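Here is what each chain is made of, one letter per residue.
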Amino acid sequence: MSLLCNTGDWFTLGQGNAFRKIELYTMEWPGNINLEHMRVYAAPYGGPIAVVKDPKLFVKLDGGASTRPIIRIFNCVGKLLSSINWDCGNLVTLGWSDAEELIGVQDDGTIFLHDMFGNFVHKFSVGKDVTDVADARIFTSASGTGVAVMTSGFKIYILNNIKDPKSRPLSELLNLTSSLTCWEMVCKDRTTSCLLASGNEITLVRHGDNAFTNTTPAMRHDYQSISLLAVSFDHEHVALLTNTGCLWMGSWDLKRKYCEFATGRQEQANQLVWCIDGSTGPDGQAVIVCYAHLLLVVGASGESSVYTYDTPVALIPEMDCVRVLTNYCHELVQRVPPSTSKIFGINISEPASFLFEAHRKFRDRSHQSDEYLCLIQHRLPAAVADCVQAAGHEFDPSTQKCLIQAAYFGKSFLTGYDCADYITMCRTLKVLNVLRDRNVGIPITIQQFNHLQPVVILDRLVFRKYYGLAIHIAKYLKLQETRILEHWAFQKITHDKNDDEVARKIAAKFSSAGLREPMSYANVADKAQQIGKTKLAITLLEMETKKKLQVPLLLKLGACEKALIAATQSGDIDLIYMAILEMKNTTALAKFHMTIRRYPLAQNLYKKYCQLNSLSTLKDIHSQEDDFLSQAELALREALQLGNLDASIPDISGNYRKAGKPVEADLADETKKLIRHQKLLQDKYQKDFFGLALHAMVRKLLQLGDQRYAEKLKSEFRMSDRRFWWLRVQTYADNYQWEELEKLGRAKKSAIGYEPFVEVCLAKQNVTEAKKYLPRCGEETKLKWYLRAGCYADAATIAFMQKDIDSLLKIHDHCNDSALMAKVENMIGQLSSKK
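Residues numbered from 1 in each chain as written. Predicted model: local features only at pLDDT ≥ 70, side-chain atom pairs only at ≥ 80, totals over all residues. Heavy atoms only, no water.

For clarity, the cut-off: UniProt positions are given in the numbering used here, feature names are shortened, and annotations may be inferred rather than shown by experiment.
As recorded in an unreviewed UniProt entry, the protein chain goes by Vacuolar protein sorting-associated protein 16 homolog and comes from Anopheles coluzzii. We quote the UniProt Function (unreviewed entry) comment for the protein chain here in full: "Plays a role in vesicle-mediated protein trafficking to lysosomal compartments including the endocytic membrane transport and autophagic pathways. Believed to act as a core component of the putative HOPS and CORVET endosomal tethering complexes." Quoted verbatim from the Sequence similarities (unreviewed entry) field of the UniProt record, the comment on the protein chain reads "Belongs to the VPS16 family."

What follows is the structure in structure tokens.
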């Protein structure tokens, strides 16, 4: 089937390899721009274009014009973005980084970076030894954007990444001479190599190579030198043009030859670039040779096509095409995508072509639409997919619409069709058409769009200050708008003078953004601080909701009290301590104490900090606040730690009384008396009494036999009789003083009963002594103690009297005396019969 639509600008280079030329824009160059006198340095992916006067040409200057170069930066439509009056050294070359920063290389080895609006970003030197740069190349490496320079002594130095500029010589063994005609950089497998053409030989050199191999490309036509070298965008292919006009195409390592083509032209070509389609195979690739007013496109099969122009031409290689720049227009040359060929190709019988025709007939209300659909009934999913893909490769919106409508028409006949690819393509096309609009001027292909990813595209719109468009695209693609709003705020801060108005606008924009999470003001405030707008930074930080971001920046800005307020509101202990310590280090001590008193949580945490690190400071705080209770507690704690309790007791007691704590004050007084007794006993017995509690002191005196002093302490400190009796009973038992224990039991009625007497005797396994006190135990506990003492006969009698059958059964189980067992059985029988 033949569809002539959209094929007028196609040309074929070999079987099945169709290429096309698409006009992107008519240019809006200023009147003084003529590419015939200019050098053009364009960034890939539809990036900005730098134009500077060619220093090798003699151009008549207008009166008063400067001889220093002026770098003009345009977008892809020819609209002027900025100008740079180059007043430094002599420019060797220009280029663009992967972040769309203009790279300028000077002959003294200095490299300058500017943004697309002419603002200086950074500069650095290739090396101390590099001061006479004769030529340079800017290339894409595995690490980022690289720069290679060649000195007038033919030494080559390479920087693989301008963000981390570490230069290294290519090879000390490399010995180049003036016969070098051209050179290019190749980056493969994370290794940067250099192709050097000298005479009819090419040398491939890598860093660290100890030996080089010179290769002479085999050609049918004689030649003396290689005039131009070209490496493809993906660094897979190499092309070279000889002085006799012969073109050689092959692999990057020169081991494989694709084709050889005699151009038949003797004049010097201006440019030699590859036109690739993103695939690694050589069959679909082509090389474009640019002469003064002519383009020669040569395919890998050896076929060619020629385009002539009335004006000079500049070529811009891309990852899947080549852009052509003239004084009047901006065009694109690319291989026709396979999906497009399946629809619009000549004599094509592909399902996608029939589907497109079926939809066209359907719109014309023709019955032939059904006939075309019947031809592709089982291949309809593939046809729909091809129409969707072909729409993505088109630049004309009306053609895109036709292809999308054809896909929509086809998918309506499919059951269970997954619409994800269709929906994604519709969204992508809408974004691409906006980017390609001449008011924006970023003519990227869908392959470039998918390679860069939407996040990078948004960043590039932001760098161009298309904030509104970037936000709309982010919302449309359901991406975060945070970075866009932050960059917009950065620009407001940098360029607007009224800080109050800037803060109001930023707050209004951030609050109306409708984000799932509130915008953070921290980065914007940090930017304001960097450019010296401290007041604005503090105002912005007061609107920050994330305290962990807010507090450190407020401290950095010197707003310590505001930071302390924010920290205490957060309740985060770490943040509060951060604010407290920073304020303490940067504020006068008196002012610090007066300030922190207004915030109870912060003051309490500061007291805790002082308690661990500076007790003297804590004392001063308590003294200033007349906090007598805290003074007493601190003095008590300190006295205990230092072992100087005796000397501190009066102050401790006095502070407790001032604080209205009479109980604690009395305890402090009693502690003083206790310490006095401890000193006397220490001197009297030469034993350690310090630090003992009253209970332990009395027990120790009883163990020493000083009952009189023990009773004195009991009386003086109002120890209860029960506790004193317990101490005496335990002490006599521990010392096996059974006679003294018996005297104590007979002396007068026990304050604690006689069960403790039995208990201590049994604890020492002295049953005989325990039996002396068993009869005196209380009736309710007597049976228990008889059982524990093993006096089963007496226990049985008591149990019988108490009519306790359970205890009798227990006695029966434990005793071994048969007579007693019979007696117990008789008792159990008597009690059971009475029931």
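More follows now that the structure is in view.
Details of the overall build of the protein chain
In plain terms, the rule: The secondary structure listing takes helices from DSSP runs of H or I that are at least 4 residues long and strands from runs of E that are at least 2 residues long, numbered from the N terminus. Think of it in three bands: with a 1.4 Å probe and only protein chains considered, a residue is buried below 20% of the maximum accessible area for its type, exposed above 50%, and partly exposed in between. In what follows, residue pairs with any heavy atoms lying within 4.5 Å of each other are defined as contacts. Per-residue and other accessible areas follow the Shrake-Rupley method at a 1.4 Å probe size, with only the shown protein chains counted as cover for residues.
Helix and strand content of the protein chain: 31 helices and 29 strands. Of all 835 residues assigned to the protein chain, the portion counted as buried reaches 48%. In the protein chain, the share of contacts with a sequence separation of at least 24, taken over all contacts with a separation of at least 6, comes to 48%. Of the accessible surface of the protein chain, which amounts to about 41300 Å², a share of 49% is contributed by carbon and sulfur atoms.

Focus: the side chain of Thr311
Going by this rule: Polar contacts, as used here, are pairs of N or O atoms within 3.5 Å; protein pairs need one atom able to donate a hydrogen and one able to accept it. Residues neighboring in sequence count only if both atoms are side-chain atoms.
Along the polypeptide, Thr311 turns up in the loop between strand E26 (304-308) and strand E27 (314-317). Residue class for Thr311 comes out buried when judged on its relative accessible area of 6%. Within the structure, the side chain of Thr311 is placed 3.5 Å from the backbone nitrogen of Asn327, a separation counted as a polar contact. With near-sequence residues (within four places) excluded, Thr311 lies in contact with Ala292, His293, Thr326, Asn327 and Tyr328.

What about the sheet that holds strand E8 (residues 102-106)?
Convention followed: A pair of strands is treated as paired once DSSP finds two or more bridges between them. What counts as an axis is a line fitted to C-alpha atoms, over the stretch in contact for a helix, and the angles between N-to-C directions run from 0 to 180 degrees.
Across the sheet, which stays open at both edges, the four strands sit in the order E7-E8-E9-E10 with antiparallel pairing between neighbours. Because the sheet does not close on itself, it has two edges, and the strands there are strand E7 (91-96) and strand E10 (120-125). On average, each strand axis in the sheet is tilted by 20 degrees relative to the strand beside it, whichever way the strands run.

Considering the state of the cysteines
Condition: In this description, a disulfide is simply a cysteine sulfur pair whose atoms lie within 2.5 Å.
Counting across every chain of the model gives zero disulfides. With no disulfide of its own, Cys275 lies 6.8 Å from the sulfur of Cys321, the closest cysteine sulfur. Cys275 sits in the buried class, given a relative accessible area of 1%.

A short note on the packing of aromatic side chains
Aromatic ring pairs are reported here in terms of the distance separating the ring centres and the angle at which the planes meet. As a reminder, the rule being used: Geometry of aromatic contacts follows a simple scheme: Phe, Tyr and Trp rings, the Trp one being its six-membered ring, pair when their centres are within 6.5 Å, and the pair is stacked under 30 degrees between planes, edge-to-face over 60, tilted otherwise. Placement of a charge over a ring requires the Lys NZ or Arg CZ to be within 6 Å of the ring centre, with the centre-to-atom vector within 35 degrees of the ring normal.
With the rule as written, the count across this model stands at 13 aromatic pairs. Summarising the aromatic geometry, the rings of Trp86 and Phe112 are spaced 5.3 Å apart at their centres and angled 80 degrees between planes, so their arrangement reads as edge-to-face. In this pair, Trp86 is assigned in the loop between strand E6 (80-85) and E7 and Phe112 in strand E9 (residues 110-114), connecting sequence segments 26 residues apart. Phe112 matches Trp86 in its accessibility class, with the two residues each being buried. Ring plane angle 35 degrees and centroid distance 4.8 Å describe the contact between Phe362 and Phe409, whose orientation is recorded as tilted. Of the two residues, Phe362 sits in helix H2 (residues 351-363) while Phe409 sits in helix H5 (residues 397-411), which places them 47 residues apart along the sequence. Assessed through its relative accessible area of 8%, Phe409 is described here as buried. Members of the aromatic cluster, joined through ring pairs, are Phe11, Phe19 and Tyr307. In this arrangement the basic side chain of Arg427 is found over the ring face of Tyr476, its NZ or CZ atom lying 5.0 Å from the centre. Directly above the aromatic system of Phe117 lies the positively charged group of Lys465, at a separation of 4.7 Å from the ring centroid.

Quick word on the sheet that holds strand E4 (residues 49-53)
The antiparallel open sheet is built from four strands, whose spatial order is E3-E4-E5-E6. In the strand order of this sheet, the two ends are held by strand E3 (38-42) and E6, each with one partner. Across the sheet, the mean angle from the axis of one strand to that of its neighbour is 20 degrees, orientation sign disregarded. Inspection of the sheet shows E3 paired to E4 by five bridges, in the antiparallel sense. From the neighbouring strand, Arg39 faces E4, where its bridge partner is Val52.

Some details on the pairing of E7
The buried count for E7 comes to five of six residues, which makes it a mostly enclosed element. Bridging between E7 and E8 involves five bridges; their strand directions are antiparallel. Across the sheet, Trp96 pairs through a bridge with Leu102, a residue of E8. Between E7 and E8, which pair antiparallel one after the other, the connecting turn spans five residues, and Glu100 there sits at a positive phi close to 60 degrees.

Notes on the packing of helix H9 (residues 482-495) against helix H10 (residues 499-511)
Let me state the cut-off plainly: For classification, angles of less than 35 degrees are called roughly parallel, those exceeding 145 degrees roughly antiparallel, those between 65 and 115 degrees roughly perpendicular, and all remaining angles oblique. We call Asp, Glu, Lys and Arg charged. Ala, Val, Leu, Ile, Met, Phe, Trp, Tyr, Cys and Pro are nonpolar, and the rest, Gly among them, are polar.
Packing of H9 against H10 brings their axes to within 10 Å, and their N-to-C directions diverge by 170 degrees. With respect to their mutual orientation, H9 and H10 come out roughly antiparallel. Counting all contacts with H9, which are made through Leu485, Trp488, Ala489, Lys492 and Ile493, the residues of H10 involved are Val502, Lys505, Ile506, Lys509 and Phe510. Here the contact of H9 with H10 is built from residues that sort into seven nonpolar, no polar and three charged.

Quick notes on the pattern of salt bridges
Spelled out, the test is: Salt bridges are defined as contacts in which a side-chain nitrogen from Lys or Arg sits within 4 Å of a carboxyl oxygen from Asp or Glu.
Within the structure shown, the criterion is met by 25 salt bridges. The salt bridge involving Arg323 is made with Glu318; its shortest N-O contact spans 2.8 Å. The exposure class assigned to Arg323 is buried, which follows from its relative accessible area of 0%. Note on Glu318: relative accessible area 1%, which makes it buried. A salt bridge links Asp496 to Lys492, with the nearest nitrogen and oxygen atoms 3.6 Å apart. When its relative accessible area of 23% is taken as the criterion, Asp496 is described as partly exposed. Salt bridges sharing partners connect three or more residues here, namely Glu100, Arg460 and Arg464.

Things to note about unusual backbone geometry
A positive phi is found at Glu100, a non-glycine position, where the angle reads about 60 degrees. With respect to the secondary-structure elements, Glu100 resides in the loop between E7 and E8. Residue Glu100 is classed as buried on the basis of its relative accessible area, which comes to 3%.

Re the nonpolar core
Applicable threshold: The term nonpolar core refers to a set of buried residues drawn from Ala, Val, Leu, Ile, Met, Phe, Trp, Tyr and Cys, joined through side-chain atoms within 4.5 Å. In this document the domain limits rely on a domain assignment from an automatic tool or a database.
Counting residues in hydrophobic clusters, the biggest one holds 93 residues, and the most contacted among them are Leu355, Leu435, Ile506, Leu540 and Ile580. Here this core gathers at least three residues from each of two domains, domain 1 (1-19 + 170-336) and domain 3 (350-417). Contacts of Ile580, omitting those with residues within four sequence positions, involve Leu564, Phe592, Ile596, Ala602, Leu605 and Tyr606. Judged by nonpolar contacts, the second largest core, of 36 residues, contains Ile752, Cys761, Cys791 and Ala796.

Focus: H5
Test applied: Expected span of a helix, by definition, is 1.5 Å for each gap between consecutive residues, and there is one gap fewer than residues.
End to end, H5 covers 21 Å across 15 residues, agreeing with the expected 21 Å (1.5 Å per residue, within 8%). Check the buried side of H5 and you find it contacts helix H1 (338-344), H2, helix H3 (368-375), helix H4 (380-393) and helix H6 (420-436).

A few points about H3
The line we're drawing: By arc we mean the arc of the directions from the helix axis to the C-beta atoms, nothing more.
Here H3 has its buried residues at Ser369, Tyr372 and Leu373. For H3, the arc enclosing every buried residue in end-on projection is 100 degrees, short of the 170-degree limit, so these residues lie on one face. Lining the buried residues of H3 we find H2, H4 and H5.

Points about the environment of Ala239
Mapped onto the elements, Ala239 comes out in strand E20 (residues 237-242). Residues Ala239 and Met249, 10 residues apart in the sequence, show an inter-C-alpha distance of 4.5 Å. Apart from the residues within four sequence positions on either side, Ala239 is in contact with Leu228, Leu229, Ala230, Leu247, Trp248, Met249, Leu272, Trp274 and Val287.

Some remarks on the packing of helix H15 (residues 573-586) against helix H16 (residues 589-596)
Each pair of packed helices can be summarised by the angle the axes make with each other and by the distance between the axes. Interhelical geometry of H15 versus H16 gives an angle of 150 degrees and a closest axis separation of 8 Å. As far as their axial angle goes, H16 and H15 are roughly antiparallel. Residue-level inspection shows Ile580, Met583 and Lys584 of H15 in contact with H16, the latter providing Phe592, Thr595 and Ile596. The class makeup of the residues in the contact of H15 with H16 is four nonpolar, one polar and one charged.

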